Amino acid sequence: MRLSCSGARWPTTGAGSRLGRGLSMLVSLAVIVTLLGSAPGFGTAHATARENTGGPVVVVGVPGLRWDDLGPRDAPNLWRLAGRAGLANLSTYTVSGVTCPVDGWLTVSAGQRASLNGSEPAVCDLPAPPSPRGSGAIVPGFAQIRARNLRGKYAARVGSLGTAIHRSGGLTMAAGPGAAFAAADVRGRVDFYSPVPEAVPPTRWASVRLAVVDVDDIQRVYPRAGSATISRTRRAAAVRQADRRIGSVLTALPASAKVVVAGVSDTTRRNSLHVLMAAPGLRPRYLTSASTRRQGLVTLTDLTAGALSAAGVPAPAAVVGRAWHPEGKPVTVAAAADSFGDANRAAEISRHTMTPFWIAFMAGQLLLYAAGALALRRNWQGGRRRRVLTATRTVALCGAAGPLATYLVNLLPWSRFPHPVTTMFAGVAGFDILLVTAALAGRWRRDVIAPGTIIAALTMVTFAADVMTGARLQWDSVTGYNPIIAGRFYGFANIAFAAYATAVLLTAAGLAHLLVTRGHRREAVIVVLVLGAAAEVVTAWPDWGAKFGGTIAFIPGIVLTALIVAGRRISPAHVAGCLAAGVVVIATSAFIDYLRPPADRTHLGEFAGQVVNGQAATVVTRKAGAMLRSVGHSPELTVLTVAALLFLWLALIRPTRWRAGALELAYGRAPALRAGLVGAFATSMIGFLVEDSGISVPGIALAIAVPLALAAATRTLAIHRRAAGASLAEDGDG
């Protein structure tokens, strides 16, 4: 197969495959050298201090407790405790869309996402009370629960928390049914048990290393948690009751106790972020962990690691969470509570608008394809044809700019407006119009691919800058990630990677076009490789993109783009070599990350550790299953992907009413466009196979690439028709 920018070729001294291998090695070497050069500093790594183990660690779980529940009047005991604690929002997502209280407690027990039944519950029942055994208790059916979770997609080892305490020589205590699920060891046993915390003898607190307390007052006011809502007045009364009970516990504790209060689960199908406070602290400060790398946000699995760290007990390898640590300057409790409330509100709104957004986005793209097909096929006459093609081009550019606009809207505090959803969508539309206006503002608008290249370049630069500075724009974006869903907290989300990689490759093609038309083909190839290598570093580096599958998928797209710009033949050996180079790059990045202290590793280093420990198969199996399920679980993106491929083929490449496809005409004026589209298509399809989001990768890649291809095609047709009209006029004059 030969794909090239023109008939011209470089003089060759060997087979084309040698050039392909050389290009692949150049990209890989640049990436690896950059990674190794950055290794000694390790970015923003944090050291984990050893905790004082002089007193008991008391974990007080309050299912459903949110920061907007708290205040000096309704929860005076918790408010005072917050005044000497580290503070954070707690992401409690476990296995299903709703985290029932038992699922939350079992996740704390395992330090990994766990659940009672391993599936989406119809309703959330109250935890069953354990069976008394002397002064302690046994959780009924714990062996079956443990076996079921070991077979689950996360292979959670329920009982890890209690077992780690026992192996350190300490004793455990549970007060309340849910607490027994969290504190039990692998045999389902806790050393001391009380049905309610008020019945615990004062001397008992000091005799244990870990005490877990279940304060379920909020949960109990819901008839069957997860299936009903209640009034604000009734919820506030439940919060006051829970606060009084927590106050009695705090009074009974020895002065050396370390207290963690956590909203360990949801209580309704309104998924939220919940309260996390860890005392004592000198002054209130935000907490963070290596799991999230977000100031003021930790995960439920971090609760396990944090409790063990406070007890001076090493966390078992099965615990995926990381102990938290304070970050930033001291804050007031009121300011922190307001900040956490705003963050939760934005996360809730973003989560609930994702599905409507994607439906609207899919519908808009389908309408664009229909309008594009009509514009390309109808025999419009004179000025009407010009207007139709111009309008189609403009709308196509708007479609391609959509993903970037969903990022830029986070520059606005849309969640604080009276109508946040309307404000967010209006902001997306506004930024989209601004981007297209900029792309068509200058003389470059007359070029076939220059406006599309500008949109691609703006997308590339914004996404790269954002992920290199903490991914603030990606946070709570409808095309980014969400702390309630908790699929990812840093780096590139799969959809963001697909948009970024496509933008990089089309930007590289646009720059190559500029150089090739001026006779600088070699320089064009160098630009593609250098830009691609830099983008691959952003993708692979643990403190930036931290993208595992994306790194593997990106290199083939970069090299194929460079080969086509160079006018070289593409062979299966090129593709295989590119994939191998991608594996080498990501393995190097993961190994560098693995050299960090365990508390500072990203998921790349964690996976490297799982490979070393023989536990990687579970992760690979889970991600492969997620990739296969994505086709059915993401109908919007599945339909969008199929529609984009059909439009690309039927309307742009093989139309029935043109002797040459509109896209072929565009290739004639901008040969490098073919290189960028082929590279983007290759990366997206490989990404489909290696990323756990599966169909979302080609879905979003094509949603950018196809509109830009349509924009180039319509502009080419306008030029072609104008030239044909001028030629006919000259013939008539003659």
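The rules behind the values
- Residues numbered from 1 in each chain as written.
- Predicted model: local features only at pLDDT ≥ 70, side-chain atom pairs only at ≥ 80, totals over all residues.
- Heavy atoms only, no water.
- Helix = DSSP H or I, 4+ residues; strand = E, 2+ residues; numbered from the N terminus.
- Buried < 20%, exposed > 50% of the residue type's maximum accessible area, 1.4 Å probe, protein only.
- Contact = heavy atoms within 4.5 Å.
- Areas by Shrake-Rupley, 256 points an atom, 1.4 Å probe, with all protein chains shown as cover.
- Phe/Tyr/Trp six-rings, centres within 6.5 Å; stacked < 30°, edge-to-face > 60°.
- Lys NZ or Arg CZ within 6 Å of the ring centre and 35° of its normal.
- Pairing = 2+ DSSP bridges.
- Axes fitted to C-alpha atoms, helices over the stretch in contact; angles between N-to-C directions.
- Parallel < 35°, antiparallel > 145°, perpendicular 65-115°, else oblique.
- Left-handed = near helix turned anticlockwise from the far one by under 90°.
- Nonpolar A, V, L, I, M, F, W, Y, C, P; charged D, E, K, R; others polar.
- Polar contact = N/O pair within 3.5 Å; in protein donor to acceptor, adjacent residues only side chain to side chain.
- Salt bridge = Lys/Arg side-chain N within 4 Å of Asp/Glu carboxyl O.
- Core = buried A, V, L, I, M, F, W, Y, C linked by side-chain atoms within 4.5 Å.

Asks: Pulling in residues and values, what's your account of the overall build of the chain?
Replies: The helix and strand tally for the chain stands at 24 helices and 13 strands. The buried share among the 734 residues of the chain stands at 59%. Long-range pairs, those at least 24 residues apart, make up 75% of the contacts in the chain with a sequence separation of at least 6. Of the roughly 29,100 Å² of accessible surface on the chain, a fraction of 61% belongs to carbon and sulfur atoms.

Asks: Explain the packing of aromatic side chains to me, and be specific about the residues and the numbers.
Replies: Scanning all chains against the criterion turns up 12 aromatic pairs. Plain terms: the ring middles of Trp 67 and Phe 340 are 4.9 Å apart, the flat faces sit at 35° to each other, and that makes the pair tilted. Linking Trp 67 in the loop between β1 (57-61) and α2 (76-82) with Phe 340 in helix α11 (residues 333-377), this pair joins segments that are 273 residues apart in sequence. This pair shows no difference in class: Trp 67 is buried, exactly as Phe 340 is. You can call Phe 340 buried: its relative accessible area is 3%. Site record: aromatic cluster; members linked through ring pairs are Phe 357, Trp 358, Phe 361 and Phe 425. The ring centre of Trp 475 lies 4.0 Å from the NZ or CZ of Arg 294, which sits over that ring.

Asks: I'd like to hear about the sheet that holds strand β3 (residues 131-133), residue by residue, with values.
Replies: Strand order in the open sheet formed by 3 strands is β3-β4-β6, with antiparallel pairing between adjacent strands. Edge positions in the sheet fall to β3 and β6 (189-190), since each of these pairs with one other strand and no more. Direction of pairing for strand β4 (residues 136-138) relative to β6: antiparallel, over a ladder of 2 bridges. Pairing of Ile 138 across the sheet is with Arg 189, part of β6.

Asks: I'd like a description of the packing of helix α13 (residues 420-439) against helix α14 (residues 450-468), backed by residues and values.
Replies: Any two packed helices are characterised by how steeply their axes cross, that is the angle between the axes, and by the distance between the axes. Packing of α13 against α14 leaves a shortest axis separation of 8 Å and a crossing angle of 130°. Regarding the angle of α13 to α14, the classification is oblique. Relative to α14, the crossing made by α13 is right-handed. Residues Leu 435, Val 436 and Ala 439 of α13 form the contact with α14, whose participating residues are Pro 451, Ile 454, Ile 455 and Leu 458. Each residue belonging to the contact of α13 with α14 can be placed in one class, and the counts come to 7 nonpolar, no polar and no charged.

Asks: Can you explain the side chain of Asn 344? Please cite residues and give values.
Replies: One can find Asn 344 in helix α11. Side-chain polar atoms of Asn 344 contact the backbone nitrogen of Leu 273, separated by 2.7 Å. In this structure Asn 344 touches Arg 66, Asn 89, Arg 270, Ser 272, Leu 273 and Ile 484, once residues within four positions along its chain are discounted.

Asks: Report on the environment of Gly 312, specifying residues and quantitative values.
Replies: Checked against the element boundaries, Gly 312 lands in the loop between α10 (300-311) and β13 (325-327). On the basis of relative accessible area, Gly 312 is assigned to the partly exposed category, the value being 32%. In the structure, Gly 312 is positioned 144 residues away from Ser 168 in sequence and 9.0 Å away in space, judged by C-alpha atoms.

Asks: How would you explain unusual backbone geometry if you had to name every residue and give the values?
Replies: Going from Ala 279 to Pro 280, the amide bond is cis rather than trans, its omega being 5°. Locating Pro 280 in the fold gives a position in the loop between β10 (274-279) and β11 (285-288). Despite not being glycine, Ala 471 shows a phi value in the positive range, around 55°. Among the structural elements, Ala 471 can be located in the loop between α14 and α15 (494-516). Exposure remark for Ala 471: the relative accessible area of 1% places this residue in the buried category. With a phi angle near 60°, Ala 486 is a residue other than glycine that sits in the positive phi range. Along the polypeptide, Ala 486 turns up in the loop between α14 and α15. Overall, Ala 486 belongs to the buried group, its relative accessible area being 5%.

Asks: Account for the environment of Arg 204, naming residues and giving values.
Replies: Mapped onto the secondary structure, Arg 204 falls in helix α7 (residues 202-207). In the structure, Arg 204 is positioned 49 residues away from Leu 253 in sequence and 9.3 Å away in space, judged by C-alpha atoms. Once you skip the residues sitting within four places of it in the chain, Arg 204 turns out to touch Met 173 and Phe 192.

Asks: Hey, could you go over the pattern of salt bridges for me, with residue numbers and the actual values?
Replies: On inspection of all chains with the given rule, the structure shows 13 salt bridges. In this structure, Glu 198 engages Arg 245 in a salt bridge whose closest nitrogen and oxygen atoms are separated by 2.8 Å. With a gap of 47 residues between them, Glu 198 in the loop between β7 (192-194) and α7 and Arg 245 in helix α9 (residues 232-252) connect regions that are remote in the sequence. Since its relative accessible area comes to 41%, Glu 198 is described here as partly exposed. Across the salt bridge formed by Arg 220 and Asp 216, the nearest N and O atoms sit 2.8 Å from each other. For Asp 216, a relative accessible area of 8% gives the class buried.

Asks: Can you lay out the pairing of strand β2 (residues 86-91) for me, pointing to particular residues and giving the numbers?
Replies: On any regular strand, side chains alternate: one points to one face of the sheet, the next to the other face. Buried residues dominate β2, accounting for 6 of its 6 residues. Neither face of β2 is open: one carries Gly 86, Ala 88 and Leu 90, the other Leu 87, Asn 89 and Ser 91, and all of them are buried. Pairing between β2 and β10: 5 bridges, direction antiparallel. Paired with Ala 88 across the strands is Leu 276, a residue of β10. For β2 and β11, the ladder comprises 2 bridges, and the chain directions are parallel. The residue bridging Leu 87 from the neighbouring strand is Tyr 286, located in β11. Bridge count between β2 and strand β12 (residues 297-299): 3 bridges; the pairing is parallel. Its bridge partner lying in β12, Ser 91 is registered against Thr 299.

Asks: Explain the nonpolar core to me, and be specific about the residues and the numbers.
Replies: Counting 119 residues, the largest nonpolar core has Tyr 500, Phe 554 and Leu 673 as its most contacted members. No other element matches helix α24 (residues 696-733), which puts 16 residues into this core. Not counting the four nearest positions on each side in its chain, Tyr 500 is found in contact with Met 460, Phe 463, Ala 464, Phe 492, Ala 535, Val 538, Thr 539 and Phe 554. Counting 45 residues, the second-largest nonpolar core is a separate cluster that includes Val 59, Ala 88, Ala 174 and Ala 307.

Asks: Hey, could you go over the pairing of strand β8 (residues 210-214) for me, with residue numbers and the actual values?
Replies: Within β8, 5 of the 5 residues are buried, which leaves the element mostly enclosed by the surrounding structure. Residues Leu 210, Val 212 and Asp 214 line one face of β8 and the alternating positions Ala 211 and Val 213 line the opposite face, and both faces are buried. Strand direction decides the pairing type here: β1 and β8, joined by 5 bridges, are parallel. The residue of β8 that forms the bridge with Val 59 is Val 212. In this structure, strand β5 (residues 172-175) lies alongside β8, joined through 4 bridges in parallel fashion.

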